[in-house]
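Examining the three-dimensional arrangement
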Amino acid sequence: MTAPRRASTPDGGRPVRADALRNRARVLEAAEAVFAAHGTTASTEQVARRAGLGVGTVFRHFPTKEALLEAVFVARLGRLAAEADALMSAEDPGTAFFGFFARVVGHAATKNALAAALAEAGVDVRETTAGTGRELRRALGALLGRAQEAGTVRADVGLPEILTLLVGASQAAEHVGGDAEVRARALAVVFDGLRATGGR
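Residues numbered from 1 in each chain as written. Predicted model: local features only at pLDDT ≥ 70, side-chain atom pairs only at ≥ 80, totals over all residues. Heavy atoms only, no water.

For the rest of this paragraph, the subject is the pattern of salt bridges. For the structure shown, the criterion picks out 8 salt bridges. Here glutamate 83 makes a salt bridge to arginine 103, at a shortest N to O gap of 2.6 Å. Residue glutamate 83 is located in helix α4 (residues 65–86), and its partner arginine 103 is located in helix α5 (residues 93–106); the two are separated by 20 residues in the primary sequence. With a relative accessible area of 39%, arginine 103 lands in the partly exposed category. The partner of arginine 138 in a salt bridge is aspartate 85, and the shortest N-O contact between them spans 2.9 Å. Taken together, the positions of arginine 138 in helix α8 (residues 130–149) and aspartate 85 in helix α4 put the pair 53 residues apart, joining distant regions of the chain. For arginine 138, a relative accessible area of 38% gives the class partly exposed. Through salt bridges with shared partners, one network takes in Glu32, Arg76 and Arg79. (Salt bridge = Lys/Arg side-chain N within 4 Å of Asp/Glu carboxyl O. Helix = DSSP H or I, 4+ residues; strand = E, 2+ residues; numbered from the N terminus. Buried < 20%, exposed > 50% of the residue type's maximum accessible area, 1.4 Å probe, protein only.)

Within this model, the largest pocket holds a volume of roughly 730 Å³. Forming the walls of the largest pocket are 22 residues, and the residues nearest its centre are Leu77, Lys111, Arg137, Leu163 and Val167. Residue assignment for the lining of the largest pocket shows that the elements contributing at least two residues are α4, α5, α6 (108–120), α7 (125–128), α8 and α9 (159–176). When the residues that make up the lining of the largest pocket are grouped by side-chain class, the tally is 14 nonpolar, 5 polar and 3 charged. (1 Å grid on protein atoms, 1.4 Å probe; cavity = no way out; pocket = protein on both sides within 12 Å on 5 of 7 lines; lining within 4 Å. Points joined across faces, edges and corners; volume = space filled by probe spheres on them. Nonpolar A, V, L, I, M, F, W, Y, C, P; charged D, E, K, R; others polar.)

Moving on to the nonpolar core. Counting residues in hydrophobic clusters, the biggest one holds 51 residues, and the most contacted among them are Phe35, Val47, Leu68, Phe97, Phe100, Phe101 and Ile162. Of all the secondary-structure elements, those providing two or more residues to this core are α1 (18–38), α2 (44–51), α4, α5, α6, α8, α9 and α10 (180–194). With 10 residues, α4 is the single largest residue contributor to this core. Setting aside residues no more than four positions away along its own chain, valine 47 makes contact with Val27, Ala30, Ala31, Val34, Phe35 and Leu68. (Core = buried A, V, L, I, M, F, W, Y, C linked by side-chain atoms within 4.5 Å. Contact = heavy atoms within 4.5 Å.)

Under the definition given, this model contains 4 aromatic pairs. Their ring planes at 50° and their centres at 4.7 Å tell us that phenylalanine 98 and phenylalanine 191 sit as a pair that is tilted. Pair noted here: phenylalanine 98 is in helix α5 and phenylalanine 191 is in helix α10, with a separation of 93 residues, a long-range link. Each member of the pair phenylalanine 98 and phenylalanine 191 is classed as buried. Three or more aromatic residues link up through ring pairs in this structure, and these residues are Phe97, Phe98, Phe101 and Phe191. For the cation-ring pair, arginine 195 lies above phenylalanine 98, with the distance from its terminal atom to the ring centre recorded as 4.7 Å. (Phe/Tyr/Trp six-rings, centres within 6.5 Å; stacked < 30°, edge-to-face > 60°. Lys NZ or Arg CZ within 6 Å of the ring centre and 35° of its normal.)

Following this line, the structure appears as structure tokens:
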């Protein structure tokens, strides 16, 4: 008996029915909401209920919970990259850059929980997210470049420094938990350090 294909990989170019694609999207949307609200220990049954589908439908798309976690994780990174690309047309490059930085930090707790659950299940998170991770770094670098050209962000920082600050700010956000005021003040300190002299 042939082992089922992983739902997160293309099925050899074979056409996929439109209703199957819709169901897969519903499962991913529901899974992201459930895992964000209840943590990665939430059951597949909870995801199915949230999606309004039978648990069998969930397993047809994602044969294991790890496959579902992986798909949610990759989808989150891909969506962030798409959001960064969309911000490239923003009128104020500085606001676009700092707003996106804050958004990534806001995603930190769920993202890190997903990564930890995948690593515990033996999934190579770095390999799994290699493609979407590159896209996200590319998009973030482009936002940074626009903000520097506009004179909003200091010119002596590069993408490696920004990524390091993102990691630190994300860990800090997890540390303060639900205290939004402390998180906002901490981000303000980081942003003050990144602004070009005389920048807003």
